[in-house]
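Spelled out, the chains give:
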Amino acid sequence: MNESDTRPDFASGRPVVLRGATILTMDRAGVIDGGDLLVVGDRIAAIGHGLSVPDGTAEIDAAGGILMPGMIDTHRHMWQTALRGLGADWTLTQYFVFYYLTWGKIFRPEDIHAGNALAAVEAVDAGVTTTLDWSHGLQTVGHGEAAVDALRSAPGRYVLAYGNLLGAPWEWTRDADFRAFVEHLAHSADEKLRLQLAFDVTADPAFPERAAFEAARELGLRVSTHAGVWGATNDASIQLMWDHGCMTPDVTYVHAASLSDDSYQRIAASGGTVSVSTESEQSAGQGYPPTWQLRKHGIPVSLSMDTSVWWSGDLFSAMRATLSADRSREHLEAHARGETVVHNRLRAEEVAHWATIGGARALGLDTTLGSLVEGKKADIVLIKNDASPAMYPLLHPYGSLVFQAGRGDVHTVLVDGQVVKYAHRLLGTDLDAAKAEVARTVEYAMDTMGPDAWKESVTPALPADERVPNPYTYTDYDGGEDRHRAQS
């Protein structure tokens, strides 16, 4: 009999205790070995050793596992999950051409719903309990309503960052239908769904985006903006925001990967935060992942996955890639000076903080989320996999989390005090329905685009190889040709 067949009764409102875990609080308490955590209602009621619990409490054996706050992704284009993996070989230019210039316009409200529904389930399954949906596919309020419906269908916590890649933000933020949409959400009793604005600053000297920032202030909404994206948004965008008083603590700068020191200083001085999407920056070309700059300037960091049309959709990948990229930069710079790095500046613990409390700060939710502290919301993840040789021993729990763990090691997930995953299986979630929705969107996209455009999207043109002349060649052997022959 396996563990999922004997799961405790997680009836709504029943207290839950997780016992014997290595607890990463992401707070001043640090690491608690062999600790217990009690959840009552939607809150963390107690943390300690040998906790006494109310009668009827459901008990989860967390021994040998890592207990941590739910991870928080501060920038994911969830609607694009409907075409997962399509752009694996794209550049950023090809991404822009596909979504901004050609095929982004074909997405109907039901296609937004499909991508969001699957992405939302995927996030929770991977231990991401809060996701900011950077939803720039909302061509109409109907698209926005579809996005909201999908997010509400899943068991996680979400922030809809409303955007429209085909519309001007200074126009759609003033639209009466959009204002009615915001008003309706503002009066919703759903604490697990919040709203932000998502738009970019194009460096037009007239700064038309100012009206969108003013709308955000009027509506009491935070702003997330792609900044420091090579060839798209740059220091001029930051300068305009600064000159017009639009750089405030409630702005998150996504990527921020190709900015000057002056721009980083402005972000730091204004209290802004940065969402780093390392897999994206490394592969698409926004610029080198900027954590080395952000650390230097004291800018708060959060992590994000960007989009599954390209990359993975879990923060284990984000943590690992971010730590590796930061250390690679430090080593290469030292080598260029003829030196050797003998102490790593960025540690696994700090990257784990970025994936949790760092995300909560970027969303303005750090008083209730992001760390395991009595009284905070019970968004909790247990990393435990007794069948995995990679999860034993736990000598350095932050190191095991960042370098060894993966989505398959997520044993239990609680959101708002409710167990939504246990023994590696989602509870009360209709994954088949979400997959069926996406299948319909894929069929529609393929039919609308046609076979040639679809094939071109999956396999973009490959540039000619640039071979370096080899002065040691003395035969007719061509390794490249032979390799190609062997593969065919």
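About the criteria used
Residues numbered from 1 in each chain as written. Predicted model: local features only at pLDDT ≥ 70, side-chain atom pairs only at ≥ 80, totals over all residues. Heavy atoms only, no water. Phe/Tyr/Trp six-rings, centres within 6.5 Å; stacked < 30°, edge-to-face > 60°. Helix = DSSP H or I, 4+ residues; strand = E, 2+ residues; numbered from the N terminus. Buried < 20%, exposed > 50% of the residue type's maximum accessible area, 1.4 Å probe, protein only. Lys NZ or Arg CZ within 6 Å of the ring centre and 35° of its normal. UniProt positions renumbered as here; feature names shortened; annotations may be inferred. Pairing = 2+ DSSP bridges. Axes fitted to C-alpha atoms, helices over the stretch in contact; angles between N-to-C directions. Core = buried A, V, L, I, M, F, W, Y, C linked by side-chain atoms within 4.5 Å. Contact = heavy atoms within 4.5 Å.

### Some words on the packing of aromatic side chains
As enumerated under the stated definition, the model contains 20 aromatic pairs in all. When the centroid spacing of 5.0 Å and the interplanar angle of 85° are considered together, the rings of Trp-79 and Phe-107 count as edge-to-face. Here the residue Trp-79 occupies a position in the loop between β6 (71–76) and α1 (92–102), and Phe-107 occupies one in the loop between α1 and α2 (109–125), the gap between them amounting to 28 residues. With respect to class, Trp-79 is no different from Phe-107; both count as buried. Ring-pair connections join several aromatic residues into one group, and the members of that group are Trp-79, Trp-90, Tyr-95, Phe-96, Phe-98, Tyr-99, Tyr-100, Phe-107, Trp-310 and Trp-311. In this structure, Arg-108 packs its charged tip against the face of Tyr-444, placed 3.5 Å from the ring centre. Here the guanidinium or amino end of Arg-329 rests over the ring plane of Tyr-288, the centre of that ring lying 5.3 Å away.

### Description of the UniProt feature "domain: Amidohydrolase-related" (unreviewed entry) in the protein chain
Per the UniProt record, "domain: Amidohydrolase-related" (unreviewed entry) is annotated on residues 66–420. The span residues 66–420 shows a helical share of 40% and a strand share of 17%, and its end C-alpha atoms are spaced 17 Å apart.

### Re unusual backbone geometry
Among all residues save glycine, negative phi is the norm, and among peptide bonds the norm is trans. Residue Pro-393 is reached from Tyr-392 by a cis peptide bond, and omega for that bond is -5°. Here Pro-393 is to be found in the loop between β14 (380–383) and α14 (397–404). Phi at Phe-207 takes a positive value of approximately 50°, unusual for a residue other than glycine. Relative to the helices and strands, Phe-207 is located in the loop between β9 (193–198) and α6 (210–219). Residues other than glycine seldom take positive phi values, yet Asp-306 does so here, at roughly 75°. Take Asp-306: it is sitting in the loop between β13 (301–303) and α11 (315–336).

### Focus on the sheet that holds strand β8 (residues 157–162)
Spatial strand order, β6-β7-β8-β9-β10-β11-β12-β13: 8 strands in an open sheet with parallel pairing. A single partner strand is all that each edge strand has here, and the edge strands are β6 and β13. Ignoring which end each strand starts from, the neighbouring axes of this sheet average 25° apart. With 6 bridges connecting them, strand β7 (residues 128–135) and β8 associate as parallel partners.

### A look at the nonpolar core
Core analysis: the largest hydrophobic core is formed by 98 residues, its most contacted members being Tyr-99, Tyr-253, Leu-303, Met-319 and Ile-383. With residues up to four places along the chain from it excluded, the contact list for Met-319 reads Met-71, Leu-303, Val-351, Ala-352, Ala-355, Leu-401 and Val-402. In this structure, Leu-18, Ala-21, Ile-60 and Ile-380 belong to the second largest nonpolar core, which totals 23 residues.

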